[in-house]
Amino acid sequence: MSAELKPAQAVFLVAGRELNTKLRTRSFVISTIVSVVVLAAFVLLQSSTFDEGSRSRVGLSGQATALGPDIVESAKQIGHQVAIVDIADPAQGEQQVKDNDLDALVTGPVGSLQVTVKDKLNTELRNTLNGLMRQQILTSELSQTELDPKEVLATAAAAQVKVTELEPRGDDQGQRLAIGLIVAFLLYMALMIYGQMVAQGVVEEKSSRVVEILLATVRPWQLLAGKVLGLGLVGLIQFAVITAVGLVAGLATGALTLSGAAIGGVLAGVFWYLIGFFFYATIFAALGSLVSRQEDTQSVLTPVTMVIVVGFIFAINLLISNSDSTLTMVMAILPPFAPILMPGLTALGLAPIWLQAVAILLSFGGIALVAWLGGRIYRNAVLRTGSRVKLREAVSS
Amino acid sequence: MVPEAGLEIDRVSKRYGDVVALSDMTFDVRPGELFGFVGSNGAGKTTTMRIALGVLEADSGAVRWAGEPTTLSSRRRFGYMPEERGLYPKMKVLDQLIYLAKLHGMPANDAHRAADDWIVRLGLRERRLDEVQKLSLGNQQRVQLAAALVHDPEVLVLDEPFSGLDPVAVDVMSQVLKEKSAAGIPVVFSSHQLDLVQRLCDRVGIVNKGRMVACDTVDALRSAGASELHVHAPAAPPGWAAGIAGVTVVSEQDGHTSLRVGDGVDDQVILRAALDTGPVHEFSRHRPSLADLFRDVVKEGR
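Rules used in this analysis
- Residues numbered from 1 in each chain as written.
- Chains lettered and ligands numbered in written order.
- Predicted model: local features only at pLDDT ≥ 70, side-chain atom pairs only at ≥ 80, totals over all residues.
- Heavy atoms only, no water.
- Helix = DSSP H or I, 4+ residues; strand = E, 2+ residues; numbered from the N terminus.
- Buried < 20%, exposed > 50% of the residue type's maximum accessible area, 1.4 Å probe, protein only.
- Contact = heavy atoms within 4.5 Å.
- Axes fitted to C-alpha atoms, helices over the stretch in contact; angles between N-to-C directions.
- Parallel < 35°, antiparallel > 145°, perpendicular 65-115°, else oblique.
- Left-handed = near helix turned anticlockwise from the far one by under 90°.
- Nonpolar A, V, L, I, M, F, W, Y, C, P; charged D, E, K, R; others polar.
- Pairing = 2+ DSSP bridges.
- Buried area = accessible area lost by both parts, 1.4 Å probe.
- Salt bridge = Lys/Arg side-chain N within 4 Å of Asp/Glu carboxyl O.
- Patch = residues over 30% accessible without salt bridge, like charges linked within 9 Å, V, L, I, M, F, W, Y side chains within 5 Å.
- Areas by Shrake-Rupley, 256 points an atom, 1.4 Å probe, with all protein chains shown as cover.
- pLDDT = per-residue confidence, 0-100.

### Focus on the overall build of chain A
Now for step 1: Looking only at helices and strands, chain A has 15 helices and 4 strands in total.
Now for step 2: Here chain A holds 397 residues, and the buried ones make up 45% of them.
Now for step 3: Of the contacts made within chain A by residues no fewer than 6 positions apart, 74% connect residues no fewer than 24 positions apart.

### Digging into the overall build of chain B
Now for step 1: Counting its regular elements, chain B contains 10 helices and 14 strands.
Now for step 2: For the C-alpha atoms alone, the extent of chain B along its principal axes is close to 75 × 45 × 45 Å.
Now for step 3: By residue count, 51% of the 302 residues in chain B fall in the buried class.
Now for step 4: Counted over contacts in chain B with a minimum sequence separation of 6, partners at least 24 positions apart contribute 68%.

### Observations concerning the packing of helix 11 (residues 297-321) of chain A against helix 13 (residues 338-348) of chain A
Residues and elements named next belong to chain A.
Now for step 1: Viewed as axis vectors pointing N to C, helix 11 and helix 13 meet at an angle of 15°, and their least axial separation amounts to 9 Å. Considered as vectors, helix 11 and helix 13 are oriented roughly parallel to each other. Note on packing geometry: the crossing formed by helix 11 with helix 13 is right-handed. Contact residues: helix 11 offers Ile308, Gly311, Phe312, Phe314, Ala315, Leu318 and Leu319, while helix 13 offers Ile340, Leu341, Gly344, Leu345 and Leu348.
Now for step 2: For the contact of helix 11 with helix 13, the class distribution of residues is 10 nonpolar, 2 polar and no charged.

### Here's the deal with the sheet that holds strand 3 (residues 104-107) of chain A
Residues and elements named next belong to chain A.
Now for step 1: Strand order in this open sheet of 4 strands is 2-1-3-4, and the pairing throughout is mixed. Both edges of this open sheet fall to strand 2 (81-86) and strand 4 (114-117), since each of them pairs with a single strand only. On average, each strand axis in the sheet is tilted by 25° relative to the strand beside it, whichever way the strands run.
Now for step 2: Where strand 1 (residues 55-60) meets strand 2, 6 bridges bridge the pair, whose relative direction is parallel. Opposite Ser56, over in strand 2, you have Val82 as the bridge partner.
Now for step 3: Lying over the sheet, helix 3 (residues 68-77) contacts strand 1 and strand 2, oriented at roughly 170° with respect to strand 2.

### Digging into the interface of chain A and chain B
Now for step 1: Contact with chain A, which involves 26 residues of that partner, is made by 29 residues of chain B.
Now for step 2: Both sides together, the interface formed by chain A and chain B hides about 2800 Å², and carbon and sulfur atoms give 58% of it.
Now for step 3: Among the residues of chain A in contact with chain B, A:Glu212, A:Ile213 and A:Thr217 are the three that bury the most area, contributing 23% of the side total.
Now for step 4: On the surface where chain A and chain B come into contact, there are 1 salt bridge.
Now for step 5: In this structure, the salt-bridge partner of B:Arg50 is A:Glu212, at a minimum N-O distance of 2.8 Å.

### Observations regarding unusual backbone geometry
All names here are of chain B.
Now for step 1: Positive phi is not limited to glycine here, since Ala66 has a value of about 55°.
Now for step 2: Examined against the element boundaries, Ala66 turns out to sit in the loop between strand 4 (60-65) and strand 5 (68-69).
Now for step 3: Despite not being glycine, Glu160 has its phi angle at roughly 55°, a positive value.
Now for step 4: In this structure, Glu160 sits in the loop between strand 7 (155-158) and helix 6 (167-182).
Now for step 5: For Glu160, a relative accessible area of 7% corresponds to the buried category.

### Let's talk about the environment of A:Ser292
All names here are of chain A.
Now for step 1: With respect to the element layout, Ser292 can be found in the loop between helix 10 (260-288) and helix 11.
Now for step 2: Residue class for Ser292 comes out buried when judged on its relative accessible area of 10%.
Now for step 3: Ser292 sits 205 residues away from Ile87 along the chain, and the two C-alpha atoms are 72 Å apart.

### What about a nonpolar patch on the surface?
Now for step 1: A cluster of nonpolar residues, A:Val29, A:Ile33 and A:Val37, forms a patch on the protein surface that exposes about 260 Å² of accessible area.
Now for step 2: Residue position: A:Val37 is located in helix 2 (residues 26-52).

### So, the confidence of the model for chain A
Now for step 1: Taken as a whole, chain A shows an average pLDDT of 79; of its residues, 86% reach a score of 70 or greater.
Now for step 2: Predicted confidence in chain A is weakest over helix 6 (residues 149-158) of chain A, with a mean pLDDT of 70, and strongest over helix 14 (residues 353-381) of chain A, with 90.

### Some remarks on the pattern of salt bridges
All names here are of chain B.
Now for step 1: All chains considered together, the criterion is met by 25 salt bridges over all chains.
Now for step 2: The shortest N-O distance in the salt bridge between Arg64 and Asp10 comes to 2.7 Å. Of this pair, Arg64 sits in strand 4 while Asp10 sits in strand 1 (residues 7-16), and the two are 54 residues apart along the sequence. Across the pair, exposure class does not vary: Arg64 and Asp10 are buried alike.
Now for step 3: A salt bridge links Glu33 to Arg30, with the nearest nitrogen and oxygen atoms 3.8 Å apart.

In structure tokens form, the structure reads like this:
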């Protein structure tokens, strides 16, 4: 004798099936591995490009050779690493510059240094060399007077401008940006892949007609909720694996330090993934129920995927330009865009608490709305096989 | 003992826009009864079954089981085979049956046991861990039947269970249906194979254009229908019987003549007319087959 099946049990049964079948598929394992590899490569690339901006190989030739230790030391003070290479033959040095083996070749007497670069001398190196040359000139000029050049220079060196920071933003801006970008990217991928997987699952049930047997035992909303929940969890598991690998890789390469920003960014990412997923997956499921063939799925989903793409492009631009304009704030609280924008804004420290609260409340409202409307469309359309069901008919009937 | 109420379909109506799919569809299937549901395509059989299973909602009317209006939880005790066969193509046979049994409210252990039982009974043991899409069509049909039976249903509703079955599978299916009804379960199935319906069913309902036009035991339906007279008179010229009052010629070929005889017409008059043409080798009355009745019903409805 069968026992009574409660609605929640029905939803969990459906979710459990999705979880079971999807986690075991080869495509899940492969896509997770590929994502992990891509992310690890991204982090490594990121850390090396961060470094590239602050590390130079400088060739010294002739009299300039004596400046080696001074260049390294003074460049270090402005956060620039310099590796010194002694070059015997300037012509050979020029060739190395051409071949990108050297960033710059410094020749000539210490009082009038000549720098050879391939296209452009980077600012840090220019400042360093200018400073050193001025110092050399100053030393030689001062030595002709009564004063002790060393003393004068020490006094001068000790003098520093006083800096007042009006809006201090911490010194981990680059890291915050990287976290924001990665989270936005992962969210975008997760919404696209798992949102569409929900639609495909709905179409699969419809095209294989198994939905009719299912609907004889569970209500449409239970089937819909179970599907969204199950695939949402599958996505979350993949998201968690990728994030964990990203964090480990980031920490190992030193591109990331385990700061409040990193943890906050990940937590915000998970939270907004869930909100974004429930919002978009319900819409995807409802739209999926309109068609009966897998080939028609893409065309019916395109308007929604466009919204996600626009949100993503906007989010990337915003993160890079570090903008806190009114438009950004308005976009960030709108349910379709909030899940993609808010994690980045949070990571950058641009989202005040009130903004986050408003975005979360509106998103909950948005989810409630799409759940109601999506459930209605799904219920009306899922048994109508054949040609594509018109959205208006599905909503109104 | 008075038989308790079975599955009752009570004045169920359904429209799709301007199209009337069902109007006042009414019949009942008693416990232990095998009920055949017959009608041409689009007559409303599938719509009726879908409404009985709660997959569709009726515009009006009621579906009752054991005297009570059906609910989601009472419908979970129904076994259903939809006309459009459907299973998850990429799910293994065993997993699929267990999942469906659980959806019908079976606890996990019972679901495993029942799925295993039916797999063995329907000869799918070697295929139990294969994906459904890798099975032959015949085996997929068996899984579909197992899916309808795995939760030990109290009512069976099968839409075209015999379509696409090979003769062996037809026997297996007939056997299972007979067993289930013998166990006291109301079984209703639709079919276009009228000889099968005639052989298997206790009662038959003929549907046309969303209405139940005839519903009775096969015997009663056949007796009530206009019988046919078959005459074999080799020497009879074509049209020999056309002039007899109250007689319609159904077919006439090589001295074999089939006649539809109206009520109150003396068949001896016809025999005499036949003898006038020469020798008569055969003169017999035939009760109409279910197929004949069905054809009549559809013709009348047109």
